[in-house]
Amino acid sequence: MRMNGQNYRTIWPDSDGRRVHIIDQTRLPHHFETRILEDYPAAATAIKNMVVRGAPLIGVTGAYGLALALSHDPSDVSLQRAYHALLETRPTAVNLKWGLARLCSAVAALSLKERAAAAFMEAGRIAEEDVAACDAIGDHGAQLIKEQAKNLKRPINILTHCNAGWLAAVDWGTALAPIYKAVRLGIDLHIWVDETRPRNQGASLTACELLGENVPHTVIVDNAGGHLMQHGLVDLVIVGSDRTTRTGDVCNKIGTYLKALAAYDNDVPFYAALPSSTIDWQMRDGVSEIPIEERDPREVTHISGRQSDGACVEIELTPRGSNARNFGFDVTPARLVTGLITERGVSAAHEAALIKLFPQHT
Ligand code: MRU
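Residues numbered from 1 in each chain as written. Predicted model: local features only at pLDDT ≥ 70, side-chain atom pairs only at ≥ 80, totals over all residues. Heavy atoms only, no water.

Description of helix α5 (residues 112–149)
Now for step 1: In a regular helix each residue adds 1.5 Å, so 38 residues correspond to 56 Å; α5 covers 55 Å between its end C-alpha atoms and thus fits that length.
Now for step 2: At Ala118, α5 shows its maximal bend, which comes to roughly 25°. (Helix = DSSP H or I, 4+ residues; strand = E, 2+ residues; numbered from the N terminus. Expected span 1.5 Å × (residues − 1). Bend = angle between axes of the 7 residues up to and from the residue.)

Observations regarding unusual backbone geometry
For residues that are not glycine, phi is negative in most cases, and the peptide bond is trans in most cases.
Now for step 1: The omega torsion of the bond from Leu28 to Pro29 falls at 5°, within 30 degrees of zero and hence cis.
Now for step 2: Relative to the assigned elements, Pro29 resides in the loop between β4 (20–23) and β5 (34–37).
Now for step 3: We note that Trp172 has phi near 65°; this positive angle belongs to a residue other than glycine.
Now for step 4: The residue Trp172 is located in the loop between β6 (156–160) and α6 (177–184) in this model.
Now for step 5: Even without glycine at this site, Asp267 takes up a positive phi of about 55°.
Now for step 6: Tracing the chain through its elements places Asp267 in the loop between α9 (256–265) and β12 (270–273).

What to know about the site of the ligand
Now for step 1: Taken together, 18 residues lie near the ligand, and Arg53, Arg90, Asp242, Asn252 and Lys253 sit nearest.
Now for step 2: Contact distances for the ligand include 2.9 Å between an oxygen atom and a side-chain N or O atom of Gln201.
Now for step 3: If the ligand stood free it would expose 400 Å²; the protein chains cover 99% of that surface.
Now for step 4: By residue class, the composition of the shell around the ligand is 7 nonpolar, 7 polar and 4 charged.
Now for step 5: Per-domain counts for the shell around the ligand show at least three residues from each of domain 1 (2–129) and domain 2 (138–361). (Near = heavy atom within 4 Å. Polar contact = N/O pair within 3.5 Å; in protein donor to acceptor, adjacent residues only side chain to side chain. Areas by Shrake-Rupley, 256 points an atom, 1.4 Å probe, with all protein chains shown as cover. Nonpolar A, V, L, I, M, F, W, Y, C, P; charged D, E, K, R; others polar. Domains from an automatic or database assignment.)

Considering the pattern of salt bridges
Now for step 1: Under the counting rule described, the total for this entry stands at 28 salt bridges.
Now for step 2: Linking Arg125 and Glu122 is a salt bridge whose minimum nitrogen-to-oxygen distance equals 2.8 Å. Of the two residues, Arg125 and Glu122 both sit in helix α5, 3 residues apart, roughly one turn of that helix.
Now for step 3: Taking the shortest distance from any N to any O, the salt bridge between Arg199 and Glu299 comes out at 2.7 Å. A residue pair is termed long-range when its members are at least 10 positions apart, and Arg199 in the loop between β7 (189–194) and α7 (201–212) and Glu299 in helix α11 (residues 298–301) qualify at 100 residues. (Salt bridge = Lys/Arg side-chain N within 4 Å of Asp/Glu carboxyl O.)

Examining the side chain of Asn326
Now for step 1: For Asn326, the location among the structural elements is in the loop between β15 (312–316) and β16 (329–332).
Now for step 2: Polar side-chain contacts of Asn326 include one of 3.0 Å to the backbone oxygen of Asp296.
Now for step 3: Polar contacts involving the side chain of Asn326 include one to the side chain of Glu299, which spans 2.8 Å.
Now for step 4: Residues in contact with Asn326, not counting those within four places in the same chain, are Pro198, Glu293, Glu294, Arg295, Asp296, Pro297, Glu299 and Val300. (Contact = heavy atoms within 4.5 Å.)

Overview of the sheet that holds β4
Now for step 1: Here we have 3 strands laid out as an open sheet, ordered β3-β4-β5, and antiparallel in their pairing. Edge positions in the open sheet fall to β3 (11–13) and β5, since each of these has one partner strand only. Each strand of the sheet is rotated relative to its neighbour by a mean of 25°, with strand direction disregarded.
Now for step 2: The sheet contact formed by β4 and β5 spans 4 bridges and is antiparallel. Note that in β5 the partner of Ile23 across the bridge is Thr34.
Now for step 3: Each of β3, β4 and β5 touches helix α2 (residues 55–72); the most contacted strand, β3, lies at about 25° to it. (Pairing = 2+ DSSP bridges. Axes fitted to C-alpha atoms, helices over the stretch in contact; angles between N-to-C directions.)

In short, geometric facts, not functional conclusions.
This is the structure we're talking about:
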């Protein structure tokens, strides 16, 4: 997708196939910088520190991380060490485990000599499949937007939370892909962008993406959604997901559940958009089973931004001595979810409907 007038993906291998390039998302929106990953500890650090983030992208980065490990040392010991180091970086998004497991099974039966090249090939395939899945999510979701917009004599207002755009995937994104495709269909729309404290993925990343693609949008504080819905200013909510159970419970960035409650109370359709790599087919009850990441309280007590002189700085928000806790995600029960937009079509948020689209998981 476009940023500063140029097309990018979020991750790409070197032409020699032994290094991996990423966009440093901690520097956005004020600076666009890329980084090079040369080994698996660098990939693990990039995931942990959210230099790359978003469920689909961390799945792909994890796979490339294993490929980097195998290019330095193709042994089983090296593979296992890198697998565990990468897996423990972030616990909630299931795409990470999925990407790592897929890479491991692609190389397990190969000779040591064959492993690194095969691993890079497989990581590349995972990345391409993610692009194709997000592209298809975009097409299915755009039809849904078209349907919702058809009787409106004004732009359709869509609210989104966090960043589930192309920066969270390899290209297109999940929740934002339908929006990008709808714009290409000529649908008149406007996006409400939740700022998404504490890391502000909405205010910094979603806004930056939408600006790059010339999509009309307005950034709002996280608590504004309910008020907007009560006043008829939201026609549709589309969010992403970090893990969705086979029963349709949607885990997503903290604050999503409150948006779903407000949407339910105001009869606003609430959709989650996700590739099937985000579905945890082993889990049934999202609230009790999905591990919720708790991050450094400093992300709550401090905030970063650009000063008028252009320098990016971090400042303290809370009084010293106050405790803070930083829960990364919450779970929206399936009963509050109107539907799931997947690469195979839009499904009701329950097991039978999901299995109909993905019968291999019966
Ligand atoms: O903590 P992050 O930024 O990695 O959070 C993940 C997300 O971007 C969101 O929860 C998103 O809505 C789902 S990932 C497409």
